[in-house]
Amino acid sequence: MSATPTAREEILARMRRALDGAGEAPVPPREYRRSLETGADITAMLIDRLVDYKANVHHGLASIAAALGDAQRVVVPADLPEDWRLGGAEFVPDTELSTADLDGMDAVLTGCAAAVAVSGTIMLDAGAAQGRRAITLVPDHHVVVVRRDQIVGHLAEALPMLDRTAPQTWISGPSATSDIELQRVEGVHGPRRLDVVLLED
Amino acid sequence: MSPEIVPAASLIPADAPFPKAAKVALGMPQLRKNLAHATGTIRAKRANVAGELDDWEPLRDTAAAIKADVQHRLPELAVEFERNATAAGAHVHWARDAQEANAIAARIVREAGADEVVKVKSMATQEIELNEHFEAVGLKAFETDLAELIVQLAEDRPSHILVPAIHYNRTEIRDIFDQRMSDAPKGLTDEPAALAEAARQHLRRRFLSAKVAVSGANFAVAETGSLVVVESEGNGRMCLTMPQTLISIVGIEKLLPSFSDLEVFMQLLPRSSTGERMNPYTSVWTGAREGDGPQDVHVILLDNGRTGVLADEVGRQALSCIRCSACLNVCPVYERTGGHAYGHVYPGPIGAILAPQLEPGRHDDLPYASSLCGACYEVCPVKINIPEVLVHLRQQGPHQAGERAAMGGAKAVMARPRLWRAALKAARLGSMPWRRKGFLRRLPWPGSKWTVSRDLPVPPKEDFRDWWKERQR
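My aim in this report is to walk through the structure given alongside it, one point at a time. Only a predicted model underlies this, so the values are computations on that prediction, with no experimental measurement involved.

**Some remarks on the overall build of chain B**
Logical step 1: A count of helices and strands for chain B gives 23 helices and twelve strands.
Logical step 2: Against the 2.2 N^0.38 benchmark of 23 Å for 473 residues, chain B shows a C-alpha radius of gyration of 25 Å, consistent with a compact globule.
Logical step 3: Dimensions of chain B, computed from the C-alpha atoms along their principal axes, are close to 90 × 60 × 45 Å.
Logical step 4: Within the span of chain B, comprising 473 residues, buried residues form 57% of the whole.
Logical step 5: Partitioning the contacts of chain B with sequence separation of at least 6, the portion at a separation of at least 24 is 73%.
Logical step 6: For chain B, the accessible area works out to roughly 20,000 Å², and carbon and sulfur atoms hold 54% of it.
Logical step 7: Across chain B, the mean location of the 58 positive side-chain charges is 12 Å away from that of the 57 negative side-chain charges.

**A short note on the nonpolar core**
Logical step 1: Counting 152 residues, the largest nonpolar core has W170 of chain A together with F177 and F219 of chain B as its most contacted members.
Logical step 2: Core analysis: the second largest hydrophobic core is formed by 22 residues, I108, V117, A124 and L130 of chain B among them.

**Quick word on the packing of helix α4 (residues 56–72) of chain B against helix α13 (residues 262–273) of chain B**
Residue and element names in this part refer to chain B.
Logical step 1: Between α4 and α13, whose axes approach to 10 Å, the crossing angle comes to 110 degrees. Put simply, α4 runs roughly perpendicular to α13. Crossing of α4 against α13: the hand is left-handed. Contact with α4, carried on its side by W56, L59, R60, T62, A63, I66 and K67, involves V264, F265, Q267, L268, R271 and S272 of α13 and no other residues of that element.

**Digging into helix α2 (residues 18–26) of chain B**
Residue and element names in this part refer to chain B.
Logical step 1: Of all the residues in α2, the buried ones are F18, A21, A22 and A25. For α2, the buried positions fall inside an angular range of 100 degrees around the axis, keeping them on one side. Exposed and facing more than 90 degrees away from the buried side of α2 are P19, K20 and K23.

**Let's talk about the sheet that holds strand β4 (residues 212–215) of chain B**
Residues and elements named next belong to chain B.
Logical step 1: Judged by pairing direction, the sheet is parallel, and its six strands sit side by side in the order β1-β10-β7-β4-β2-β3 without closing on themselves. In the strand order of this sheet, the two ends are held by β1 (91–95) and β3 (140–143), each with one partner. Between one strand and the next, the sheet's axes are offset by a mean angle of 25 degrees, whatever the strand orientation.
Logical step 2: Pairing geometry for strand β7 (residues 245–251) and strand β10 (residues 296–302), over seven bridges, is parallel. Counterpart to T245 in the pairing with β10 is D296.

**A closer look at unusual backbone geometry**
Logical step 1: Cis geometry marks the peptide bond from W445 of chain B to P446 of chain B, where omega comes out at 5 degrees.
Logical step 2: Relative to the helices and strands, P446 of chain B is located in the loop between β11 (439–440) and α22 (448–451).
Logical step 3: Positive phi, normally seen in glycine, also occurs at E96 of chain A, with a value near 55 degrees.
Logical step 4: Here E96 of chain A is to be found in the loop between β3 (90–93) and α4 (99–103).
Logical step 5: A relative accessible area of 79% means that E96 of chain A is categorised as exposed.

**A few points about the packing of helix α3 (residues 29–52) of chain B against α13 of chain B**
All names here are of chain B.
Logical step 1: At their nearest, the axes of α3 and α13 sit 7 Å apart, and the two run at 150 degrees to each other. On the basis of the axis angle, α3 is roughly antiparallel to α13. Across the interface between the two elements, I42, R46, V49 and E52 of α3 pack against R271, S272 and S273 of α13.

**What to know about the interface of chain B and chain A**
Logical step 1: On the chain A side, the residues contacting the 93 residues of chain B number 74 residues.
Logical step 2: Between chain B and chain A, roughly 7,300 Å² of surface is buried when both sides are summed, and carbon and sulfur atoms account for 59% of that area.
Logical step 3: Counting the surface chain B buries against chain A, the share from its top three residues, R96, R200 and E263 of chain B, is 10%.
Logical step 4: D52 of chain A is paired through a salt bridge with R277 of chain B; the nearest N and O atoms lie 3.3 Å apart.
Logical step 5: Run the count over chain B and chain A and you get 36 residue pairs in polar contact (both at pLDDT 80 or more).
Logical step 6: Here the element with the most residues in the side of chain B that touches chain A is helix α11 (residues 192–209) of chain B; it accounts for eleven residues.
Logical step 7: Partitioning the side of chain B that touches chain A into residue classes produces 44 nonpolar, 23 polar and 26 charged.

**Some remarks on a nonpolar patch on the surface**
Logical step 1: Taken together, the side chains of V6, L11 and V24 of chain B make up a nonpolar region of the molecular surface, amounting to roughly 220 Å² of accessible area.
Logical step 2: Locating V24 of chain B in the fold gives a position in helix α2.

**What to know about the environment of K449 of chain B**
Residues and elements named next belong to chain B.
Logical step 1: Along the chain, K449 falls in helix α22.
Logical step 2: Assessed through its relative accessible area of 58%, K449 is described here as exposed.
Logical step 3: When the C-alpha positions of K449 and E403 are compared, they lie 9.6 Å apart, and in sequence the two are 46 residues distant.

**With respect to the packing of aromatic side chains**
Residues and elements named next belong to chain B.
Logical step 1: Enumeration over the complete set of coordinates arrives at six aromatic pairs over all chains.
Logical step 2: Taking 6.0 Å as the distance between ring centres and 20 degrees as the angle between the ring planes, the aromatic pair formed by F464 and W468 counts as stacked. Taken together, the positions of F464 and W468, both in helix α23 (residues 464–472) and four residues apart, correspond to about one turn of that helix.
Logical step 3: On the accessibility criterion, W468 (39% relative accessible area) is partly exposed.

Cut-offs used in this document
Residues numbered from 1 in each chain as written. Chains lettered and ligands numbered in written order. Predicted model: local features only at pLDDT ≥ 70, side-chain atom pairs only at ≥ 80, totals over all residues. Heavy atoms only, no water. Helix = DSSP H or I, 4+ residues; strand = E, 2+ residues; numbered from the N terminus. Rg over C-alpha atoms; globule rule 2.2 N^0.38 Å. Buried < 20%, exposed > 50% of the residue type's maximum accessible area, 1.4 Å probe, protein only. Contact = heavy atoms within 4.5 Å. Areas by Shrake-Rupley, 256 points an atom, 1.4 Å probe, with all protein chains shown as cover. Lys, Arg positive; Asp, Glu negative; His and termini not counted. Charge placed at Lys NZ, Arg CZ, Asp CG, Glu CD. Core = buried A, V, L, I, M, F, W, Y, C linked by side-chain atoms within 4.5 Å. Axes fitted to C-alpha atoms, helices over the stretch in contact; angles between N-to-C directions. Parallel < 35°, antiparallel > 145°, perpendicular 65-115°, else oblique. Left-handed = near helix turned anticlockwise from the far one by under 90°. Arc of directions from axis to C-beta. Pairing = 2+ DSSP bridges. Buried area = accessible area lost by both parts, 1.4 Å probe. Salt bridge = Lys/Arg side-chain N within 4 Å of Asp/Glu carboxyl O. Polar contact = N/O pair within 3.5 Å; in protein donor to acceptor, adjacent residues only side chain to side chain. Nonpolar A, V, L, I, M, F, W, Y, C, P; charged D, E, K, R; others polar. Patch = residues over 30% accessible without salt bridge, like charges linked within 9 Å, V, L, I, M, F, W, Y side chains within 5 Å. Phe/Tyr/Trp six-rings, centres within 6.5 Å; stacked < 30°, edge-to-face > 60°.

As C-alpha cells, then:
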C-alpha cells in the first residue's frame, strides 16, 4: 500500500467526511403516474405525437414499400423478418458493413423494442430486428416497424421491456435542433427522415 | 460583406465582479433582444408541456427525494457504479480535480493513437476546460453540438447551459459560418434549416472518421453501470457510436440508484429544458458491447469541488441539478444580462449557487445576482430551493467593512427599545418633505451606497406601535 492515497481513495474519503453525521435521506415518495387511464387510445396518441415531431406514419405491412420511398439501397439487420423486405429496393443485410458502406445506403429498415405513446418515443435496444446502433444512425432515412403489442402508454411501462444493459437509442422524431433562437428545426446529424410503420395484431 | 464577428465574451470581462460585467452586458441592445426573444420562446414551451402532465408536482417531489438520497449514499453508489461498469467492460477512472481529469483524458487519447477528438456537448468538460488543456498539450477537440460549434467558430464563450449560443440570432450565426467555416456553402442564408444543413455537411466526414470521442453524461446508473446522454441533433449518437474509443467525464453527482429512476428524470428533463415531450435522441450504454459501438470505453468520475459542496447541509442541494436550464430561462436577471456576466460556466440562478460553492472564495458576488423572486425554485424540476441557498451563501460570504458597521449600528439600536423608538421618530420627522412622493431616490454618503441601485421608502406617518396604542384605548 503506497503512502499517498489514490484519487479513488481520496474522493471516497472526502465524500464520507462530507457526509459525517448527515444520517439517511427519507425513502423517496412514488406518487406519480405509472400508466395512463384505462381506455386511453394509446395508438392514436402515439400517432399524434409522431406527427407532431414531423415523422411520417404508415399502417400495415404492405405500407413498408411506400415508407421506403424511392430508396434504392436499404440496410437491414441480418435478422429482419423476410416478409418485411417489401418494395423494389435492394435489401443489404448488415454483416460487417464498413462505415463507408453505411454512408452509401439510402435508408435503413428495422423493428424496435417498445414505443411510448405519451412522448412519441420509439426505443431500440439492439434486440430482435434492430441491429447495431450505427445502422440506424448513418443512413439519412430510418423506417421503423412498430407492432401493436410493443406500444405502451407510459415511459414507466416501457422501461421493463428493455434489455437494460444493451446499447439503447430512444428516438422521438427525426434529428432536430433548437440551437437557433430556440426554435425546433428538423434535420441535423441523425436521420432526417423518420417513417413509422404500425402493424396491427 | 457581412459585419465583423465580435464575440460577446470579448466585450464582457469574465474576471470582473458581476455588477460591473452586468453593466456592460446591459449596454448591448442586440444581446438583450436576442436573449429576451429566446428565453420568452422557451418559457412558453416549457409551461405548455409541463402543464400537460397532471402529476408534475409528484414527479418533482420524487426527483428531489431521489437526488437527496443519492447525495446521502454517494460513496456506496459510486463504488456500485464502478463495479458494474467495470464488469461490463468499461475502464473507470477517478479524478480529484480538473487537472487530473484532463491529464487522464489526454493520456487515453494518445494511447488510442489519436491527436484529435470529437466532442458531445458537456458541461463537465467545459468546467474543467478540457478543450484549452488539449490545445496546450497539442491535441485538438472539435465541438459537434450546433451551438457549441457556433461558439467555437466565433471564438466566444458559452452563455447558457443548454444553448451556449443563445446570445446570437440567426443572422449573426450566418455571418459566423460565412466567415469562419472553411466549407460553408456559397450564398448561405439565415434560414435555420440552411444553417443546420451547413453544420451537417461540415461535421459529417469528421464523425465518420473520428477515432476518439469525449462526452459527459446526464445520468450514471449505479445499479447497471450505464451512462445516459440526452440530445437532439444526433451529434451525440455519432460521437457515442462511431469512434473506437469513448471517454466520458461524469461528475459524481450524476449518479442515480436504479435504471427505473429514469422513468422520473426522463419525463422532467426534456420538458424542463427544451420544452419537448421528449428530446429526439437518448443514448444509453453500459461498458462495451462487442460489434456495436466503441470497444475502448472509459469513464472518468470527477470530483472537482463537488465533495466540498456535499459538506454543506444547505448548499448540497445544488448537486441535485440536472442542467436543464429552466432556471436561467425564467430569471429576470439572466434574461437581461445573459450568461457571460456571471463569469463562470454555470450562469443564471443555478450558477449563482454552484459557482461560489465549487470554487470557494471566488464568485462571492454571484449570490447577490438575484432579486430572490423565487421563479427559479418554481420551475426547477428537482426542486432545488435556490433562493434558500442564495440567502445561505450571502450569510456565509464576506461582508464589506461599511456594511458590517451599518449592521452593527442597526443591531445596537434595535436591541434597545427606547433607542429604536427614538430612531423611528427621527426618521419619520426627517423624511417629512418626501412623504407625498413616498420614496427617496438618493441619500447622502454613506447612505448613497444603498440608494445607488434602490429607492428608499419613506416611513409611514404612523407606525404600528402608535396605531396599536391608539386602537387599545
